[in-house]
Amino acid sequence: MTYAITQTCCSDATCVAVCPVNCIHPTPQERAFGSTEMLHIDPKTCIDCGACADACPVDAIFPVDSLPVAQQEYATINAAYYADREPEPAPDGPNFHAWDEPSFPRVLPSDFAPLKVAVVGTGPAGMYAVQDLLLHTSAEVTLIDRLPETGGLVRFGVAPDHPATRKVGDTFARFHTHPRVRMHLGLDVGADVTAQELAAHHDAVIYAVGASADRTLAVPGEELSGSISARAFVAWYNGHPDAAPDAIDLSAERVVVVGNGNVALDVARILLADPDGLARTDIADHALAALRAGKVREVVLLGRRGPEDAAYTRSELLALQHVPGLDLVVDDHDPRTGAAIDEAGSWADGQGKAALLHGVTRDRVDWAQPPAPGRRIVLRFHSAPVEMLGEEAVQAVRVVEASGERTIRTDMVLRAIGYRGVPVAGLPFDETTGTVPHEGGRVAGEPGTYVVGWIKRGPSGGIGANRTCAAETVTTLLADAVAGALPAPRSAPKAFHRLARRRNRGGSAAVSR
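Computed from a predicted model, the values in this text were never measured in an experiment.

Whenever I open this one, the overall build of the chain confuses me. Can you help?
For the chain, the count of helices and strands is 17 helices and 23 strands. Expected size for 513 residues packed as a compact globule is a radius of gyration near 24 Å; at 24 Å, the chain falls within 12% of this value. Residues counted as buried form 52% of the 513 residues belonging to the chain.

Would you take a moment to explain the sheet that holds strand S16 (residues 384-389) for this structure?
Backbone-to-backbone hydrogen bonds pair the strands of a sheet. The strands run either parallel or antiparallel. The three strands are arranged S16-S17-S18 in an open sheet whose pairing can be described as antiparallel. Pairing within the sheet leaves two strands with one partner each, and these edge strands are S16 and strand S18 (404-409). Sheet twist, expressed as the mean angle between neighbouring strand axes with direction ignored, is 25°. The sheet contact formed by S16 and strand S17 (residues 396-401) spans five bridges and is antiparallel. When the sheet's bridge partners are listed, alanine 384 is paired in S17 with valine 400.

Would you explain the side chain of arginine 155 in this entry?
Structurally, the position occupied by arginine 155 is in helix H5 (residues 153-156). Of note is the side chain of arginine 155, whose polar atom sits 3.2 Å from the side chain of glutamate 149. Not counting residues up to four positions away in its chain, the partners in contact with arginine 155 are Glu149, Thr150, Arg166 and Asn238.

I tried to follow unusual backbone geometry on my own but got confused; where do I start?
Note: most peptide bonds trans; most residues except glycine with negative phi. A cis amide bond, omega -5°, links histidine 25 with the succeeding residue proline 26. Residue position: proline 26 is located in the loop between strand S2 (24-25) and strand S3 (40-41). The backbone phi angle of asparagine 22 is positive, close to 55°, even though this residue is not glycine. Take asparagine 22: it is sitting in the loop between helix H1 (14-18) and S2. Here asparagine 22 falls in the buried class, since its relative accessible area comes to 14%. Look at aspartate 48: it is not a glycine, yet its phi comes out positive at around 60°. When you line up the elements, aspartate 48 lands in the loop between S3 and helix H2 (51-55).

I tried to follow the packing of aromatic side chains on my own but got confused; where do I start?
How two aromatic rings sit relative to each other is given by the distance of their centres and the angle of their planes. A full pass over the atoms with the stated rule returns five aromatic pairs. With centroids separated by 5.6 Å and ring planes inclined at 25°, the aromatic side chains of phenylalanine 233 and tryptophan 236 adopt a geometry described as stacked. Of the two residues, phenylalanine 233 and tryptophan 236 both sit in helix H9 (residues 230-237), three residues apart, roughly one turn of that helix. What makes phenylalanine 233 buried here is its relative accessible area of 0%. On the accessibility criterion, tryptophan 236 (1% relative accessible area) is buried. These aromatic residues form a ring-pair network of at least three members: Phe233, Trp236 and Tyr237.

In this structure, what is going on with the packing of helix H4 (residues 124-136) against helix H16 (residues 465-482)? I would like to understand it.
Two quantities define a packed helix pair, namely the angle between the helix axes and the distance between the axes. Packing of H4 against H16 brings their axes to within 8 Å, and their N-to-C directions diverge by 50°. As far as their axial angle goes, H16 and H4 are oblique. The two elements H4 and H16 cross, and the hand of that crossing is right-handed. Where H4 abuts H16, its residues Pro124, Ala125, Tyr128, Ala129, Asp132 and Leu133 lie against Asn466, Arg467, Ala470, Ala471 and Val474. By residue class, the composition of the contact of H4 with H16 is eight nonpolar, one polar and two charged.

Can you help me understand the packing of H9 against helix H10 (residues 262-272) in this one?
Viewed as axis vectors pointing N to C, H9 and H10 meet at an angle of 50°, and their least axial separation amounts to 10 Å. When the interaxial angle is binned, H9 and H10 end up oblique. Crossing hand, H9 versus H10: left-handed. For the pair formed by H9 and H10, the contact residues are Ala230, Phe233, Val234 and Tyr237 on the first element and Val263, Asp266, Val267, Ile270 and Leu271 on the second. Looking at the contact of H9 with H10 residue by residue, the class counts come to eight nonpolar, no polar and one charged.

How should the environment of threonine 361 be read in this particular structure?
Structurally, the position occupied by threonine 361 is in strand S14 (residues 361-363). You can call threonine 361 partly exposed: its relative accessible area is 48%. Along the primary structure threonine 361 and valine 329 are separated by 32 residues, whereas in three dimensions their C-alpha atoms are 5.0 Å apart. Those residues within four positions of threonine 361 in sequence are excluded, and the remaining contacts are Leu328, Val329 and Val330.

Honestly, the state of the cysteines in this entry has me stumped. Any pointers?
Between two cysteines, a covalent bond joining their sulfur atoms is known as a disulfide. This model, assessed by the stated rule, comprises zero disulfides. The thiol of cysteine 23 is unpaired, and the distance to the nearest cysteine sulfur, on cysteine 19, comes to 3.6 Å. Cysteine 49 forms no disulfide, and the closest cysteine sulfur to it belongs to cysteine 52, at a distance of 6.1 Å. On the basis of relative accessibility, which here comes to 44%, the residue cysteine 49 falls in the partly exposed class.

Any chance you could explain the side chain of histidine 333 here in plain terms?
Mapped onto the secondary structure, histidine 333 falls in the loop between strand S13 (327-331) and helix H14 (335-343). A polar atom in the side chain of histidine 333 sits 3.5 Å from the side chain of glutamate 401. Apart from the residues within four sequence positions on either side, histidine 333 is in contact with Arg364, Arg380, Phe381, His382, Ser383 and Glu401.

Mind showing me how you'd approach the nonpolar core here?
Generally speaking, nonpolar side chains in soluble globular proteins are found buried as a group. Among the nonpolar cores identified, the biggest contains 111 residues, and Ile24, Phe233, Tyr237, Val299, Leu357 and Ile377 are the most heavily contacted of them. Once residues within four sequence positions are removed from consideration, valine 299 is found in contact with Val255, Val257, Ala268, Leu271, Leu272, Arg376, Ile377 and Val378.

For this particular structure, what's the right way to read helix H17 (residues 493-503)?
Residues that lie three or four places apart on an α-helix share one face, since the helix turns once every 3.6 residues. All of the buried residues along H17 are Pro493, Phe496, His497, Leu499 and Ala500. Down the axis of H17, the buried side of the element spans an arc of 165°, and every buried residue falls inside it. Of the exposed residues in H17, the ones pointing more than 90 degrees away from its buried face are Lys494 and Arg502. Next to the buried residues of H17 lie strand S5 (116-120), strand S6 (140-145), strand S7 (181-185) and helix H8 (195-200).

Just to check I follow, could you spell out H14 for this structure?
Turning to H14, its buried residues are Thr337, Gly338, Ala340 and Ile341. Seen along its axis, H14 keeps its buried residues to an arc of 160°; they face one direction. In H14, the exposed positions that point more than 90 degrees away from the buried face belong to Pro335, Asp342 and Glu343. Those residues of H14 hidden inside the fold are in contact with S13 and S14.

Rules behind the numbers
- Residues numbered from 1 in each chain as written.
- Predicted model: local features only at pLDDT ≥ 70, side-chain atom pairs only at ≥ 80, totals over all residues.
- Heavy atoms only, no water.
- Helix = DSSP H or I, 4+ residues; strand = E, 2+ residues; numbered from the N terminus.
- Rg over C-alpha atoms; globule rule 2.2 N^0.38 Å.
- Buried < 20%, exposed > 50% of the residue type's maximum accessible area, 1.4 Å probe, protein only.
- Pairing = 2+ DSSP bridges.
- Axes fitted to C-alpha atoms, helices over the stretch in contact; angles between N-to-C directions.
- Polar contact = N/O pair within 3.5 Å; in protein donor to acceptor, adjacent residues only side chain to side chain.
- Contact = heavy atoms within 4.5 Å.
- Phe/Tyr/Trp six-rings, centres within 6.5 Å; stacked < 30°, edge-to-face > 60°.
- Parallel < 35°, antiparallel > 145°, perpendicular 65-115°, else oblique.
- Left-handed = near helix turned anticlockwise from the far one by under 90°.
- Nonpolar A, V, L, I, M, F, W, Y, C, P; charged D, E, K, R; others polar.
- Disulfide = S-S within 2.5 Å.
- Core = buried A, V, L, I, M, F, W, Y, C linked by side-chain atoms within 4.5 Å.
- Arc of directions from axis to C-beta.

These figures capture arrangement, not role.
Below is the structure:
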């Protein structure tokens, strides 16, 4: 019996570190790491020790003979990754794992005074940085979040029907009560306290504030009522404090989603999910009530390019095909779509996304008519929105396709075309990329100030990508500390904690140790 990595893989490579036989790839040392959608276990060299399953923070690893029906294809996916790989030579000695030379880039000299570091943001990027600081140094950490809850996108961005993915938050939560951590929730840096005040009380500040705005389509009618960002919709069903319970109207029978990435699949699936099934998750009560009363029966995903270039990951589309009572349809309006699907290789080889749609129903949809009976998601490729039509609210979307233009009737449009960072008070900002300019995480022209996560590299990469991102930033910070490049704080962190308690408008007391 061997193990297989499945849909919820977060690629943070914890499993790689504990595997005694080096059977999980790509490793962080390999060029492909970060470019594959998931990690893979080699069934020929796996020794069934289960160490990887125990270490996995998102419960993505299972014995092959215990895979649920909806995930049995992952045995093939894992094996196919190694089909053309040459086996690595076994190292000399009793250990099967070809361990790297020891390296300790994120440590300080033993006689170095404990650093006082503030981390702004409690999502994965910030918490990987906190983890590094606490495990590798004697640093004392001030952890800050403007929201009254911790978790960032793990809490408010992951769909509620993906509880395994959310479990990574449990890994981070153990650091919230660490004796060298003081935490302030509901404290907004830039509004309640300034960046300058934060820096004045700490040796260094790491900003892990993510990307909290949306990319726009820049088409006429985008501002109409009924045109909503997917970010706002996700925040609404996850109970984000900034999302009003009555913000979403689900009276439309057909919803058009612009984009076909994983977020687009998430919102489509939630819109059409069985409310009784969602009731067993931690979806917001107001969202569950609205979905029960809603009329949505069809969700149309618009993609500018063909199925071979779809933005979703293979694992998320495979999961969508196993949702009970939900039909998946490909709009066959463009001959290029069918040709790409028919000519694609096997989906299991990790090469052809179009091959995932082998066997999926193709249909030419009459968009002037109401949705067909039942619940279905329609994938419409080679279709770009150019205008949202309506006087005060959306009534249709005009799209451009190979044969000209077409109008799709709908009362609701969700824009799932990506997130964008926003300026951080007191820091430089690149309007083109939506990020803070940096060098290895060090903010340009701001000694002692660092960034990590999406505000550093842009809104790309999942949970695991933040681990290597945080490692780079923390390595840079510690190198600056050793070089004497950190400005000396003018006041002690204790003074900041008193200041934070006075200024805190979020109603959440600081967690003190």
